Amino acid sequence: MKTNMSKLDRLIRFLIAIVLGILYFTHTVTGTWGIVLLIVGIVLLLTALINFCPLYRILGISTCRVPR
């Protein structure tokens with residue numbers, strides 16, 4: 001796997017994942033929407049941790065800076 005995420009992208013994904021987790025575990029968001037948001041948060045957290053987004057690869061996107 002080739003890295004395709006910048007540090008800022010990772011930070012934003014990590015923060016969103018934390019917010020979604022907090023919303024779910026404090027029962028602010030419940031039911032089907034709660035489960036969907038929890039799964040989205042887990043996916044965001046995993047992609048931030050491994051520094052690779054499969055969707056970016058499919059779409060040909062990379063937020064990494066190209067070394068000069």
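Residues numbered from 1 in each chain as written. Predicted model: local features only at pLDDT ≥ 70, side-chain atom pairs only at ≥ 80, totals over all residues. Heavy atoms only, no water.

**Considerations on the pattern of salt bridges**
Summed over all chains, the structure comprises one salt bridge. For arginine 13, the salt bridge is made with aspartate 9, and the minimal N-O distance between the two is 3.1 Å. Here aspartate 9 and arginine 13 lie together in helix 1 (residues 7-25), a separation of four residues that amounts to about one turn. Accessibility assignment for this pair places arginine 13 and aspartate 9 in one class, buried. (Salt bridge = Lys/Arg side-chain N within 4 Å of Asp/Glu carboxyl O. Helix = DSSP H or I, 4+ residues; strand = E, 2+ residues; numbered from the N terminus. Buried < 20%, exposed > 50% of the residue type's maximum accessible area, 1.4 Å probe, protein only.)

**Some details on the packing of aromatic side chains**
Overall, the coordinates contain one aromatic pair when judged by the stated rule. Seen from their ring centres, tyrosine 24 and phenylalanine 25 are 5.1 Å apart, and the 80° between their planes marks the pair as edge-to-face. A relative accessible area of 25% places tyrosine 24 in the partly exposed class. (Phe/Tyr/Trp six-rings, centres within 6.5 Å; stacked < 30°, edge-to-face > 60°.)

**Re a nonpolar patch on the surface**
Where nonpolar side chains cluster on the molecular surface, the patch consists of Leu8, Leu11, Ile12, Phe14, Leu15, Ile16, Ile18 and Ile22 and spans about 710 Å² of accessible area. Turning to its location among the elements, isoleucine 22 is positioned in helix 1. (Patch = residues over 30% accessible without salt bridge, like charges linked within 9 Å, V, L, I, M, F, W, Y side chains within 5 Å. Areas by Shrake-Rupley, 256 points an atom, 1.4 Å probe, with all protein chains shown as cover.)

No statement about biological role is implied by the geometric values presented.
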